[in-house]
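What the coordinates show
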Amino acid sequence: MRIMLSLGAIFFVACSAFGQLPATPQAPPKELPKLEHFNTTNVDAKAEPCDDFYKYVDATWLAAHPIPADHVFWGAVGPLELWNETLLVQTLEKNSADDPKRTSNEQKVGDYYFACMDTKAIDAHAADWLKPELQRIAAIKDKAGFAEEVAHLHQTIPGAWEGNDNETNAALFGFSGGPDFDDASHNVAEIDQGGMALPGRSFYLDDEAKAKEIRAKYLKHIANIFVLSGEKPEQAKADADVVLAMETDMAKAAMDPVTRRDPKNLNNKMSLAQLKALTPSFDWDLYFKLAKAPSTPHYIVTSPAFFKGLEVMLTEHSQEHWKTYLRWRMLHGNAPGLSEAFVKEDFDFFSHTLFGAQELQPRWRRCVRGTDRNLGEALGQVYVERAFPASSKQRVLQMVQDLQKVLGQDIEDASWMTPATKKQAQEKLRATLNKIGYPDKWRDYSSVSIGRSSYLLNRQHTAAFEFQRWVNKIGTPLDRTEWGMTPPTIDAYEDPQSNTVNFPAGILQPPFFDPQQDDAVNYGAIGAVIGHEIIHGFDDEGRKFDSKGNLRDWWTESDSKAYDERGKCISSQYTQEVPEAGPGVKQDGHLTQGEDTADNGGLRLALVALQSALARDGKSLNDKGPDGFTTLQRFFLAYAFAWCTQYRPEMIRTLVLTNPHSYPKYRVNNVVSNMPEFKQAFGCHNGQKMVHQDFCRIW
Ligand SMILES: [Zn+2]
């Protein structure tokens, strides 16, 4: 399990999509597309900034740029996504030629892409590839065979070992090495809940009409997948019922995402004997042996109730039911690597029904993303060479350090904190490791075998490599320099256990970071992103970890209380109806509290850092630019433009129910409404919507 508190700029959907609009070409463009740069011509002068700032800045652009049919969202970041992928595909097309002069990495990424694009071979051989997988499951006779298959799924399906709170991808449960909560300097074994294919447990348990409609479609989808694998329709329908019933049992036993946000609830240390007592019907010894798991002083079982529930299921469901479940997990996990019929069926439910995509994205884009996901640090090196000059790295690092200085001052000045807690907070801030763009040491993929003839096998080999890489961490010291995102990723994250902030080169591009623009724009856009990640170390979850990444309460009781009071202001502000997600859909401000705290604090840090940068150059926030806006106004405009994004209603609903990030409109409006500087910049009055009665503020 990884705790990665991300920015959530782009939500990669398993099979998201692209189509016929010029922005989403069916074939890779010959030239790099145009990037979107900040400019004020989109501002709607007739709209009232103090009533709806998001509308004032972004509505014109959004009206002119409808969501392409094969996308689930579109915004100012869309062109950057296409730009990054075009740059990558140029490399991949070059490397996919069967040239003996290729380096090992070039051969791997090139052949991975080649086999992924070879739909003729995939369609011709998918049934053959699937056969041994189905036979394995059919041959299961006992407890040992069951554990063996779970290990096999973890070793052959990308991400199937990864338990998670809002992307429950794991086949049955998650297993990997990860930092010990009490001593983050070394890794121990972690076992996490999983086993459900829908995006969150509420999808199984909610009773409202929309949830029921989605479950009915899910049942149909499972049955369709079984039919594609060779089952008779009657049997497939009955099997789908079994799968949904079993996943629903898992959802009932699973920990809810709000409870999971408190790391204390995850820190359940167990001996092997205790783990076995929790789920005695699962053959743990055999599973760990097959997973080649190093010995570990203890296991962290993030959700004991889930494994207790699993035990009940293991004793109550027949072996046939379990074989049906495993067959579903195997087919579901491999679907994107199989024939077009599987891919289409997978798209139809997981991208269309859950996220609203109208069309499947062109194959080349799916293959670029797949190569990035599975061989990311081999492919990412070229991206860095072509798209991320040393000057950008230097400038961004300087900004990160400047914003950290601002937070240091803010902690010093905080009237609600006692000196003892301030001292520890400063220590944590000083100990943060800043990682910009790409890793210093690239991952070694030499042990991964990639060929040109079987796409499914290539996927399985990269999955096995990744699983083993995570399992091998058990018993080793924590490596703080390792990255959890690939270089071209348009996102960023803070990791509280390694105490690092991480900014991939993919997001250090326009409209976020733009060397052509002035400080007002860069601090409003990438400055707010940087501030967001820095604040994560001090949000309601991050603050529970100390300078060394250990889960330790370093707050005095009165400071903790003062913090929670301030946090409540934020969580109640964001507990709100989200009409864009459909009637009655409500955001739970406790789920999004950490992200909202990071948004609010992040923009404030960026503003104070901007003031210092301006002072260094003898400039001021009140200077007027040629576009008629002041520097302070341009700062807020750039912030709102970076979040200029619209989602399909299905996607908004799915994310509001499961994702810890707020919808972009609220990431803009709720944040600026908490800032007296915004009120002043646009001359807003008390009583207007963009002026909160209480300015919520932690940092
Ligand atoms: Zn975040």
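Here we summarise the structure given alongside this text. All of these numbers come straight from a predicted model, not from anything done at the bench. (Residues numbered from 1 in each chain as written. Predicted model: local features only at pLDDT ≥ 70, side-chain atom pairs only at ≥ 80, totals over all residues. Heavy atoms only, no water.)

Below, the discussion takes up the packing of helix α3 (residues 104-117) against helix α15 (residues 363-387). In the contact formed by α3 and α15, the axes pass within 9 Å of each other and the chain directions differ by 165°. As the angle between them shows, α3 and α15 are arranged roughly antiparallel. For α3 against α15, the interelement crossing comes out right-handed. Packed against α3, whose contacting residues are Asn105, Lys108, Val109, Tyr112, Tyr113, Cys116 and Met117, the element α15 presents Arg363, Trp364, Cys367, Val368, Gly370, Thr371, Asn374, Leu375, Ala378, Leu379 and Gln381 at the interface. Partitioned by chemical class, the residues of the contact of α3 with α15 number 11 nonpolar, 5 polar and 2 charged. (Axes fitted to C-alpha atoms, helices over the stretch in contact; angles between N-to-C directions. Helix = DSSP H or I, 4+ residues; strand = E, 2+ residues; numbered from the N terminus. Parallel < 35°, antiparallel > 145°, perpendicular 65-115°, else oblique. Left-handed = near helix turned anticlockwise from the far one by under 90°. Contact = heavy atoms within 4.5 Å. Nonpolar A, V, L, I, M, F, W, Y, C, P; charged D, E, K, R; others polar.)

Further remarks concern the pairing of strand β9 (residues 500-504). In terms of burial, β9 is largely enclosed, as 5 of its 5 residues are buried. Along β9, one buried face is formed by Thr500, Asn502 and Pro504 and the opposite face, lined by Val501 and Phe503, is buried too. Here 5 bridges tie strand β7 (residues 433-437) to β9, and the two strands are oriented parallel to one another. Pairing of Gly437 across the sheet is with Pro504, part of β9. Sheet analysis places strand β8 (residues 493-495) next to β9, joined by 3 bridges and oriented antiparallel. (Buried < 20%, exposed > 50% of the residue type's maximum accessible area, 1.4 Å probe, protein only. Pairing = 2+ DSSP bridges.)

The next thing to look at is the sheet that holds strand β3 (residues 173-179). Sheet strands associate in pairs through backbone hydrogen bonding, adopting either a parallel or an antiparallel arrangement. On the basis of which strands lie adjacent, the open sheet formed by 4 strands has the order β3-β4-β6-β5 and mixed pairing. Strands with a single pairing partner mark the edges of an open sheet, and in this sheet they are β3 and β5 (269-270). Alignment of β3 against strand β4 (residues 187-193), held across 7 bridges, turns out to be antiparallel. Pairing of Phe175 across the sheet is with Ile191, part of β4. The sheet contacts of helix α12 (residues 304-316) involve β3, β4, β5 and β6 (299-301), and relative to β4 the element is tilted by about 60°.

Among the secondary structure elements, Asn659 is positioned in the loop between α23 (649-658) and α24 (664-672). Residue class for Asn659 comes out buried when judged on its relative accessible area of 9%. Side-chain polar atoms of Asn659 contact the side chain of His661, separated by 2.7 Å. (Polar contact = N/O pair within 3.5 Å; in protein donor to acceptor, adjacent residues only side chain to side chain.)

Right, let's get into the coordination of the zinc ion. The textbook angles at a metal center are 109.5 degrees for a tetrahedron of four donors and 90 or 180 degrees for an octahedron of six. Coordination of the zinc ion by the protein is provided by Ser6 (O), His532 (NE2), His536 (NE2) and Glu595 (OE), with metal-donor distances spanning 1.9 to 2.1 Å. Each of the 4 donor atoms bound to the zinc ion contributes to angles spanning 92 to 135°, and the resulting shape is tetrahedral. Site description for the zinc ion: donor spacing in sequence, S-x525-H-x3-H-x58-E. Of this pair, His532 sits in helix α19 (residues 519-536) while Glu595 is found in helix α21 (residues 593-616), placing the two residues 63 residues apart along the sequence. Taking relative accessible area as the criterion, His532 reaches 1% and is therefore assigned buried. Classification of Glu595 by relative accessible area gives buried; the value is 5%. (Donors = N, O, S within 2.8 Å, 3.2 Å for Na, K, Ca; no water. Tetrahedral: all angles 85-135°; square planar, octahedral: opposite > 155°, others 65-115°.)

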